[in-house]
Amino acid sequence: MYPRLCLFRGWLLLPPNDEVGKQLFLKGATPACAICHTLDAAGAAGAVGPSLTELQPDAARVLNALKNGIGQMPAYTSLTPEQMQILSEYVAKASRE
Ligand code: HEC
């Protein structure tokens with residue numbers, strides 16, 4: 001009973017933004033970031049764009065790339081502002097793990 005309660009509380013109370021961000025990175029965003037970028041924490045090993053694990057962009061820099069595109073990278077106009085925010089914060093954090 002007790003472990004199950006903990007699991008339930010964890011699921012209910014902690015917003016799983018990291019998990020949402022990871023899924024957006026791996027497959028939710030189209031085309032998926034992982035096709036082009038390496039991000040060790042997400043198990044991504046794309047080589048078209050810079051390695052985000054090495055670049056370690058802050059969230060504002062990621063957000064800018066998502067909104068406007070940069071070089072060969074398209075703008076992600078189909079993502080909602082909230083998805084962009086979650087994804088940006090995830091990449092900033094995961095690149096430093
Ligand atoms: C088609 C391949 C491609 C995809 C898909 C892609 N990128 Fe990129 N990305 C690039 C390339 C190439 C660059 C380098 C652009 C340049 O500096 O000219 C880049 C640059 C970046 C940068 C650095 C921006 C800067 O200010 O230097 C970030 C952060 C980034 N991408 C995040 C993402 C995220 C998050 C996604 C998924 C939503 C994504 N990328 C999807 C190719 C891609």
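Residues numbered from 1 in each chain as written. Predicted model: local features only at pLDDT ≥ 70, side-chain atom pairs only at ≥ 80, totals over all residues.

Caption draft 1: Up close: the site of the ligand. Around the ligand sit 23 residues, and of these Cys33, Cys36, Gly49, Gly71 and Met73 come closest. Broken down by secondary-structure element, the contributors of at least two residues to the shell around the ligand are helix 3 (33–36), helix 4 (52–55), helix 5 (59–68) and helix 6 (81–94). Tallying contributions element by element places helix 5 first for the shell around the ligand, with 4 residues. Classifying every residue of the shell around the ligand gives 18 nonpolar, 4 polar and 1 charged. (Near = placed C-beta within 6 Å. Helix = DSSP H or I, 4+ residues; strand = E, 2+ residues; numbered from the N terminus. Nonpolar A, V, L, I, M, F, W, Y, C, P; charged D, E, K, R; others polar.)

Caption draft 2: Layout of unusual backbone geometry. A cis amide bond links Thr30 to the next residue, Pro31, at an omega of -5°. Checked against the element boundaries, Pro31 lands in the loop between helix 2 (17–28) and helix 3. The backbone of Gln56 shows a phi angle near 45°, a positive value even though the residue is not glycine. Positionally, Gln56 belongs in the loop between helix 4 and helix 5.

Caption draft 3: Spotlight on helix 6. Taking 1.5 Å per residue as the helical rise, helix 6 with its 14 residues ought to reach 20 Å, and the 20 Å between its terminal C-alpha atoms agrees with that figure. Along helix 6, the residues that are buried comprise Ile86, Leu87, Ser88, Tyr90, Val91 and Ala94. Close packing links the buried residues of helix 6 with helix 2, strand 1 (38–39), helix 4 and helix 5. (Expected span 1.5 Å × (residues − 1). Buried ≥ 20, exposed ≤ 12 C-beta atoms within 10 Å, placed from the backbone. Contact = placed C-beta atoms within 7 Å.)

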